[in-house]
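# Residue-level structural notes
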Amino acid sequence: MLYARLIIMRLFKAVIVLFLIVILNFLLIQLAPGDPAAILAGEAGAADQEFLNQLRERFGLDQPMYVQLWRYVSGIAMLDFGYSYRLGVPVFDLIMARLPATLLLTGTAFLISLVLGIIAGSMAAARVKKPSGSIIMALALVFYATPLFWVALMSVLVFSVYLDWLPAYGFYTVGAGYTGFALILDVAKHLILPATTLALFFMAIYTRMTRTSMLDAAQQDYVKTARAKGLKPSIIQRRHVLRNALLPIITLAGLQAGQMVGGAILTETVFAWPGIGRLMFEALQQRDYNLLLGIFFFSAALVIVFNIITDLVYRLADPRIKGAS
Amino acid sequence: MSFFARFAQNRGALVGLIILLMIIAMAILAPLLFPESPWRMVQRPFLPPLSQEGFPLGTDTMGRNVAAGLMHGAWVSLLIGLVSTSVALLIGVPLGAIAGYYGGLIDDILMRFTEFFQTIPNFALAIVLVAIMQPSVTSIVLAIALVSWPPVARLVRAEFMSLRNREYVEAARLVGQTNTTIILRQILPNTLSPIIVLASLMVATAILLESSLSFLGLGDPNVMSWGYMIGAARTVIRQAWWLSFFPGVAILLTVLALNLVGEGLDDALNPKLSRER
Amino acid sequence: MRDPLALAISAAALAFTTTALADDPKQGGTVNTIVQPEPPGLVLGMIQNAPTRVVAGNIYEGLLRYTTDLEPIPQLAESWDVSDDGRTYTFHLRENVAWHDGEPFTADDVVFSADVFHRELNPSARAVLQHVESIEATDEHTVVFTLTEPFGPFLLSFEAGTFTMVPEHLYAGTDFRNNEHNDHPIGTGPFKFANWERGTVIKLVKNDDYYEEGLPYLDGVNWHVIPDGGSRAVAFENGTIDVLPSGTVENFDIPRLSEMDNVCVTEEGHEYFSPYSMLWMNNREGPTADKRFRQAVMYAMDREFARNVLWNGLGKVPLSAFGSNARFQDDTLEPYDYNPERARELLEEMGYDGEEVTILPLPYGETWTRWAEAVQQNLREVGINVRTQATDVGGWNQRLGDWDYDLAFTYLYQYGDPALGISRTYLSDNIAKGSPWNNVEGYENARVDELFNEAATAYPDSEREALYKEVQEILHEDVPVGWLMELGFPTLYRCDVKDLVNSSVGLNEGFRDAWLDR
């Protein structure tokens, strides 16, 4: 019951935030030089004023700004995201077509980074004064400091060009006509490089975070008690230390999950991954306002959903927190 | 123990400091060692490293000296990192201070505002801002600052909340000091340590952000930055690995050094805190 | 205008070259190629940008095609006559042509396409149609165009991308832009639209009922969408992609890719468009308003360097306003060779005071960015104070449309004839805000206007030649814009893809005759 009320409250707040984001972004994007009509005309390599006027009228860009804003916001209220100016396809369809790819990529990267990060972090915590622990931490720091796009480039160079182990780009092998299991395998092969490069940075963060909070937790009284009771160190590590150390990690994971969409812009560009990060960058370059706003709406919605999920998971993991925050 | 002794106890921090000093030296010495513009086309394009005297890192797609670009780039990267962090602090510190000091409704409003900014993916927002303002050093600095102030505001707010009821603050209030004076004179100096630590990490993140923007072609075309060098070399990565390799290493080392120094500062400035962690 | 014998000869010559090359075309196979960027739609006539043209040119057709020497040859029109006064053009259409949905193609489709569809939607066709008084279908397979006055380049205007034939039965009386068939384009061409996975691939399949017996040989063509230049190069390298249309990989990749086994390169197939890169120079204000400054810029730029380093030695350093593929080029003019000394002299003579001049690169990829950097450095070395303004496509359009620039890169198509592709850059009545494709530099010269206008409608060609000669001399002296490069756009393909480029629009209709020797 309590959860239900909490979720409803959070959702209500989320809707308000989403509307504010839509309005802010709408106003922001209008400030960018050039409009979609001029860009479409420009691509055509020839345009007269009549052509531009036709396009602007068609897109409703000849209306005053407040009319455009009102139309857009009232559309969103009815869950109508409008049409992409450039592609002439409903924005909702475009996003839905691209969202799975992004979720697959970021989801995989998220899992890789979380699992490997926690493992590496707890290993480092267990070897706090040993060289092996220092090496893990040094590696984590290096991953943390490496530009994402640079790793992406270097990994394409090494694994696709020189070693020829993995495909360098794309979602699946077009034209191969795979189905069923072969298709899954094919997609998985394409997924390895982008997901790993995207995961490295966050993995480094989780490693450091896990180590710190585990060392932290190891100092707590109940751990000392457990040790005094003579429990095996490995059991203490797993049952008492790691479980408590997970709480701050969950918070961080919620934050990172939302930011992954942003990070995916670079990964998707280098690996030609047909996700919404790339779609967003293209929409921005094309001044495809409707599409861009739609993507912002969805990624902000994702962030909010992740925040709520994080809250719930946090509550499940830590029975001490009860009631409203 | 002195500040530096505590800092130097962390061997990583010492290494970081040395690297950072070398990079700063690079930035300062660049105009002396390579007085010519790094944009100048001086040799045959695609000269590999060490193949010709005067071009230890080779030449790029248009015969420009990579070593000169790397040295001049150090200046640009550090400058963008420092300035954008300063701007972010200028936004984040007052907001956090006001929210944390006054609490209540003001805190609520300011924190909703901060949350709001955090709901839009950072990098996406930075890209949009640069596209709107059109790429230049100013617009890049502003964009980076605008997406990186929320953590500052949150940190400062938390510090202020824990400090605002301390005895010395109460005492200052009793002797009739104004809120502004209390904020600036009493509390702010006591929050500097964590701010400095955070700032050193933010400089690192800003350098990464700038390089990512330049990589996507949203850099300032009038300055030779490391991010630009990688972005420009991306298309020729297979013919000329060195063009993207060296600036990549430079970014890595700088960001690494800043992080190490940040950790060292954390140890040195917050001895109790870092032990607790 | 064209006597039948010459036509027969050129047609025979073409037939000869085709048979000589195609020793035994094999049927079947699918070619994988690239379209970059992803086109906004495929209805040619409604959209005329390059990615739409390259894909949809295989779906739709025009009345005529053009050889690499820009001679018209039959496509949907089997033959044509021109009246002696140069005002009446009669096209005789093929009789066995069907649209992809099975409906017959007739003269009514031509009248509808030209008179209704293009007049409403297509700015480049509109520019030609202003010379047309009436378009009539005299019988089911004959169309007569009557012009208001002779228009020299008229026969050059019927290329598929510019004057696409669209099906009247699907479009007449509808809202063209929201027509339901826009998602499934119906043309008369050798390939039919199959499907389009947005962000991934556009698939075309063979039109089994194509009117040319035996054509096309291929079963289909897949146009892949790969947004990153490096990834496109890898895709070609590892064999996923058979054909790289020009402009789909960065120039720096071309030498490496073309040295691979079984890879062929051709620069042909761009004669119709003859892309010509220019540097807009704002004639209205600032140092660029001074003729001497503009001449100094011409002398300061090392265009040979740009050609060799940035364009792999492809393309030509241009002489003047008329490119080498344009008709009536005067090649006796003295070239503006790289001469920094002369540039400095000119700047001194005009008393250039170091006022800042901005340069706006073309936001179309790395080569253009590098080029702007090179020009910036060239200009700095003769003492011009230059600053580069970074921008994206939207900003570039906006600045040029608002005349808010000093120097700006661009490239324009020449369409074979000065009246179609060249005069538009220099005519003063073509000065209008809002478009980056007209007289953006703001050059005004009454004599130039007069000469260009007269030459467009002069008849026959010898008359035109004299007029164009004078105009070129004036432009060469005034340097209204900087002439950077006649771009060489190479197409890379596996050598076992045969007969790929066989007309002046190259890949835009290349798969009609292509076959796989595998």
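Residues numbered from 1 in each chain as written. Chains lettered and ligands numbered in written order. Predicted model: local features only at pLDDT ≥ 70, side-chain atom pairs only at ≥ 80, totals over all residues.

### Examining the overall build of chain A
For chain A, the count of helices and strands is 12 helices and 0 strands. Listed by position from the N terminus, the elements making up chain A come as α-α-α-α-α-α-α-α-α-α-α-α. Counting only C-alpha atoms, chain A reaches 85 × 55 × 40 Å along its principal axes. The 325 residues of chain A split such that 46% are buried. The long-range share in chain A, meaning contacts at least 24 apart out of those at least 6 apart in sequence, stands at 72%. (Helix = DSSP H or I, 4+ residues; strand = E, 2+ residues; numbered from the N terminus. Buried ≥ 20, exposed ≤ 12 C-beta atoms within 10 Å, placed from the backbone. Contact = placed C-beta atoms within 7 Å.)

### Side note on the environment of Gly121(A)
Summarising the element assignment, Gly121(A) is placed in helix α5 (residues 91-126). Separated by 65 residues in sequence, Gly121(A) and Asp186(A) place their C-alpha atoms 32 Å apart.

### Overview of the sheet that holds strand β6 (residues 132-139) of chain C
Residue and element names in this part refer to chain C. One open sheet holds the 4 strands; their spatial order is β4-β5-β7-β6, and the pairing between them is antiparallel. With one partner strand each, in any of the chains shown, β4 (77-82) and β6 form the two edges of the open sheet. Taken over all neighbouring pairs, the strand axes of this sheet differ in orientation by 20° on average, direction set aside. Here strand β5 (residues 88-93) pairs with strand β7 (residues 142-147) via 5 bridges, running antiparallel. Residue pairing in the sheet places Phe-91 in a bridge with Val-143 of β7. (Pairing = 2+ DSSP bridges. Axes fitted to C-alpha atoms, helices over the stretch in contact; angles between N-to-C directions.)

### As for the UniProt feature "transmembrane region" (unreviewed entry) in chain A
UniProt records the feature "transmembrane region" (unreviewed entry) for residues 12-32, 101-123, 135-159, 191-209, 245-271 and 291-314 of chain A in the present numbering. With 100% helix and 0% strand, residues 101-123 of chain A has end C-alpha atoms that lie 33 Å from one another. (UniProt positions renumbered as here; feature names shortened; annotations may be inferred.)

### What to know about the UniProt feature "transmembrane region" (unreviewed entry) in chain B
Residue and element names in this part refer to chain B. According to UniProt, the positions carrying the feature "transmembrane region" (unreviewed entry) are residues 12-34, 74-102, 123-147, 195-219 and 240-261. Split by type, residues 74-102 is 100% helix and 0% strand. Its first and last C-alpha atoms lie 41 Å apart. End-to-end, the C-alpha atoms of residues 195-219 are 28 Å apart, and along that stretch the chain is 84% helix and 0% strand.

### Here we look at the nonpolar core
Buried together is how nonpolar side chains tend to be arranged in soluble globular proteins. Membership of the largest hydrophobic core comes to 320 residues, with the highest contact counts inside it found for Met280(A), Leu292(A), Ile295(A), Ala126(B), Ile127(B) and Trp280(C). The residues that make up this core include at least three from each of domain 1 (1-78) and domain 2 (95-317) of chain A. Among all residues touching Ile127(B), those that are not within four sequence positions of it are Phe281(A), Leu284(A), Leu216(B) and Leu218(B). Membership of the second largest hydrophobic core comes to 10 residues, among which are Ala37(A), Leu40(A), Phe51(A) and Tyr85(A). (Core = buried A, V, L, I, M, F, W, Y, C linked by C-beta atoms within 7 Å. Domains from an automatic or database assignment.)

### A word on the interface of chain C and chain B
Interface size is commonly expressed as the accessible area that is lost once the parts come together. The interface is formed by 18 residues belonging to chain C together with 20 residues belonging to chain B. Only α6 (229-237), α11 (366-381) and β15 (386-388) of chain C provide two or more residues apiece to the side of chain C that touches chain B. When residues in the side of chain C that touches chain B are grouped by element, the largest group, 5 residues, is from α11(C). Of the residues assigned to the side of chain C that touches chain B, the class counts are 4 nonpolar, 6 polar and 8 charged. (Nonpolar A, V, L, I, M, F, W, Y, C, P; charged D, E, K, R; others polar.)

### Remarks on the sheet that holds strand β17 (residues 481-486) of chain C
All names here are of chain C. Read across the sheet, 5 strands follow the order β15-β14-β16-β13-β17 without closing on themselves; strand pairing throughout is mixed. The open sheet has two free edges, formed respectively by β15 and β17, since each of these has just one partner strand. Strand-to-strand twist across the sheet, computed as the mean angle between neighbouring axes with direction ignored, equals 25°.

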